[in-house]
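For reference, the chains in residue letters:
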Amino acid sequence: MESKGTKGGLDAGHPLQREFLALQEIITTMHGTSELKKVLQQVSKAVEVLGYGNSVISLLDKNRKVLKAAAIHVNLGKGVVAKLEAMIGKRFVDFEMPAKRDYSEAARKLLEGKIYVTHSLSDLISPPVNRLVCYAMQQQAKARTVAIIPMPGSEGVIGTILVTTPREEITEADLQVLVNFINQAGIAVERAWLQEEVRREAEKKRKAERRAKQEAAKFGESRAFIESVFNAIADPIVVVNPDKVIIAVNKAMTKLLGYTENELIGHNYIDVYIPLEMRSTYGNRTKQVIAKGIDLVYEGSWQTRSGMEIPVQLHNAPLRDGKGRVIGAIAVARDMRQVKSLVAELEASKERMIHAEKMASIGQVASSVAHELRQPLAVINNSVYFLKMQLPNADKKVKKHLDIMEKEVAIADEIISDLLDAVKLKKLHLAPVKLNSVIEQALSRSQLPQGVEVATELEGVPAIIADSGKLEQVFLNIIANASKAMPDGGQLVITGDVDDNLVIVKVQDNGSGIAEEDLGKVFEPLFTTKAPGVGLGLTISKSIVEAHQGTIEVQSQLGYGTAVTIRLPVS
C-alpha cells in the first residue's frame, strides 16, 4: 500500500525520509565543492545526520606514515573541551596515530581496510594518555561505543572516520549505511585534497616569483652577475646571431645535448641539434623572430649528440642591443619529458578516479539488490524442481517450459554473480599455471557458432604464477565476445609469445569488429554493443588481469575483426 506524501515510499515527514533527503543534499554539496575544508564539514554533518554524536576525520600525510586529525565534531561545551585538552596535554586537533600495522590492533585493521569497533577509547590513543583520562573523555562525550571506519581512495586507504554512539552496539545494517557513505566521501575528499595540493603549489610558485622579482631589483647589471645567472638557470638557453650561428649557450644547454661549449659556439644551430625533418620549420621561425622582433612559443624536438630526440617547449625572443636594435635571437627551452610523463600519469589517475566512482555506484546497487534478487530466484528454482518431481509424466510442452524457467533462473543468477565480481574481485589463489592448458580448457567450455575455425599457437609459452580459475574466466569472456561477433562463422586465432619477462597472449577474430567511437568504452561496466549482453565481461576481465599485475588492450576495426592482447608477468 502506498503512503501519503510520496508515491510508493515513505511519507515526507517520516524520520527516515528526512534523513535520506538530508544525506542526498549533503552528498550533492560535498561533490560540488573543491575545497577540502568544506568537503570535510559536509562529511562531519552527514555523520551527525546518521545519528553519531561525535566524529573525528583523520587523513594520511603525504608519506602515508601518520594519520592526522583533519576535522573534529564533538557535542561538548567549550569549557569541557578545554578541560579535557588540559588533562591530556594536547589539543584534539593535534591527535595523530602512526600508520604502522604493529602500532596497534586498530592500526593494523584500518591499514587493511577493515572496520574497528571498541568500547574503550584507550585502545586508540597512545601513551602518555592514561586509561582514567580516556574513561573521563568517554563519559563526557557519552561515547559507549567507538568505531573507526577506513576511508578508501583510488590507491588504497587515505584516511579514517572515528564515530561514537551512546548505544551498547552498532548494528551491521547501521555500519553498512555508514560504510556506503564513507566510500562516497573518500572520492570527494581525495579529489578536493589533490586540487588543494595543486592550488598550494601554484601559490608557492607565485610567491617564489614575487620574491625573485624583488631580489632582482637589488642587483646591478654587472657582466659577472649576468654570466653567473645565465649559467645557473636550469633551463637550456642558446643565443644566435642573424645568420643562426650560436654565440652563447649556458651549462644546462651543454648538459642536455651532450656537446661541449666549444662544439656548439660558432656553428649553425640548425645543423647541430635540429632533427632533419624539422630544420625548415625552425629556420623560418628564427627568421620571423629576428625580422619582426616578436616572441614565439612552440613545442618541438632537439637531437642530442647520441642521436636521441628530446621533446622541448621553446620560447624564442629577439636579442636587442642597448639602442633597442635586434641583433639576434635567444631561445629558452624546457625539457618536456617529465611534463609529458606527469600529464600521462594525471590522465591515468583521472581515469582511475572516474572508474572508482562508477564502481562505487555499481557497488551500492549490487550489494543492496543482490540478496533481494537471489531470494525470489531461489524460490522459483525450488518451485520448478518441485513441479518436475510432482509431474514426472507431464507432456513435452510442460517439461520444455519448466526447463526454460530453470535455465533463465541460472542465467539471472550468473548475471548477479558477474555484477558482484565486477564490483569487488575475490582474493586470487596463486599457483604455477600453464596458460596453454587454461586456454584449451576455456575453448572446450565455449559454445562456438557453427563454422568458426579455431587455430592456436601456444607452444613455448612458459608457466606463470596466477589464479587459473580467474584466468579461465578471462578467456571465456573474450572467446564469448569473439563468438558473438562471428554468428555465421569465421576464424579465431589464439597465439602466445614471451617478451622481456612478459607472456603475451593475443586472441584475434575476423568478426564484425567494434566502431572507433566505442573502443574507449569497452572496459566500462554495463557497456555492450550486443543485444543479449550485460556489458560486464571485459570489465571483469580487466580487473582480473590487473590484479595479476598485467595489462589488457583491445584493437578493432569495424567490419574486419578484433584483437585482444593480454600481457602477464612470468613471475
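Everything numeric in this text was worked out from a predicted model, so none of it was measured.

## Thoughts on the sheet that holds strand β8 (residues 246-249)
Okay, so step 1: Strand order across the open sheet formed by five strands is β8-β7-β11-β10-β9, with antiparallel pairing between neighbours. The sheet is open, and its two borders are formed by β8 and β9 (296-303), each paired with just one other strand. When strand polarity is set aside, the average angle formed by the axes of neighbouring strands in this sheet is 30°.
Okay, so step 2: By the bridge criterion, four bridges tie strand β7 (residues 237-240) to strand β11 (residues 326-335) in an arrangement that is antiparallel. Residue pairing across strands places Ile237 opposite Val332, the latter belonging to β11.
Okay, so step 3: Here helix α11 (residues 279-292) sits on the sheet and contacts β7, β9, β10 (309-320) and β11; the angle it forms with β9, its principal contact strand, is near 145°.

## Some words on the pairing of β8
Okay, so step 1: Inspection of the sheet shows β7 paired to β8 by three bridges, in the antiparallel sense. Within β8, the residue paired with Val239 across the bridge is Ala248.
Okay, so step 2: The loop that links β7 with its antiparallel partner β8 comprises five residues; one of these, Lys244, has a positive phi angle of about 70°.

## Remarks on the packing of helix α14 (residues 435-445) against helix α15 (residues 468-485)
Okay, so step 1: Two elements in contact, α14 and α15, have axes whose closest approach is 9 Å; the angle formed by their N-to-C orientations is 50°. In terms of axis orientation, α14 runs oblique to α15. With respect to the hand of their crossing, α14 and α15 are arranged in right-handed fashion. On the side of α14, the interface is formed by Leu435, Val438, Ile439, Gln441, Ala442, Leu443 and Arg445, while α15 contributes Ser468, Leu471, Glu472, Phe475, Leu476 and Ile479.
Okay, so step 2: Of the residues contributing to the contact of α14 with α15, the split by class is nine nonpolar, two polar and two charged.

## Some remarks on the pairing of strand β6 (residues 156-165)
Okay, so step 1: The buried fraction of β6 amounts to nine of the ten residues, a majority that puts the element mostly inside the structure.
Okay, so step 2: Summarising the sheet, strand β1 (residues 54-60) and β6 pair through six bridges and their orientation is antiparallel. Bridge assignment links Leu59 to a residue of β6, and that residue is Gly159.
Okay, so step 3: Relative to β6, strand β5 (residues 145-153) runs antiparallel, the two being bridged by nine bridges. Of the residues in β6, the one forming a bridge with Ile149 is Ile161.
Okay, so step 4: Hairpin connection between β5 and β6: a loop of two residues separates the two successive antiparallel strands.

## Quick notes on a nonpolar patch on the surface
Okay, so step 1: Judged by side-chain polarity, Phe386, Leu387, Leu391 and Val398 come together as a nonpolar surface patch covering roughly 320 Å² of accessible area.
Okay, so step 2: Relative to the helices and strands, Phe386 resides in helix α12 (residues 337-390).

## Some remarks on the pattern of salt bridges
Okay, so step 1: Tallying each qualifying case throughout the model produces 18 salt bridges.
Okay, so step 2: Here Lys388 and Glu406 are joined by a salt bridge, their closest N and O atoms 2.8 Å apart. A residue pair is termed long-range when its members are at least 10 positions apart, and Lys388 in helix α12 and Glu406 in helix α13 (residues 396-423) qualify at 18 residues.
Okay, so step 3: Measuring nitrogen to oxygen at the nearest pair gives 2.7 Å for the salt bridge that ties Arg567 to Glu553. Residue Arg567 is found in strand β18 (residues 561-569), and its partner Glu553 is found in strand β17 (residues 551-557); the two are separated by 14 residues along the sequence.
Okay, so step 4: Glu553 sits in the partly exposed class, given a relative accessible area of 33%.
Okay, so step 5: Counted as one network, the salt bridges with shared partners bring together Glu196, Glu197 and Arg200.

Scoring rules and cut-offs
- Residues numbered from 1 in each chain as written.
- Predicted model: local features only at pLDDT ≥ 70, side-chain atom pairs only at ≥ 80, totals over all residues.
- Heavy atoms only, no water.
- Pairing = 2+ DSSP bridges.
- Helix = DSSP H or I, 4+ residues; strand = E, 2+ residues; numbered from the N terminus.
- Axes fitted to C-alpha atoms, helices over the stretch in contact; angles between N-to-C directions.
- Contact = heavy atoms within 4.5 Å.
- Parallel < 35°, antiparallel > 145°, perpendicular 65-115°, else oblique.
- Left-handed = near helix turned anticlockwise from the far one by under 90°.
- Nonpolar A, V, L, I, M, F, W, Y, C, P; charged D, E, K, R; others polar.
- Buried < 20%, exposed > 50% of the residue type's maximum accessible area, 1.4 Å probe, protein only.
- Patch = residues over 30% accessible without salt bridge, like charges linked within 9 Å, V, L, I, M, F, W, Y side chains within 5 Å.
- Areas by Shrake-Rupley, 256 points an atom, 1.4 Å probe, with all protein chains shown as cover.
- Salt bridge = Lys/Arg side-chain N within 4 Å of Asp/Glu carboxyl O.

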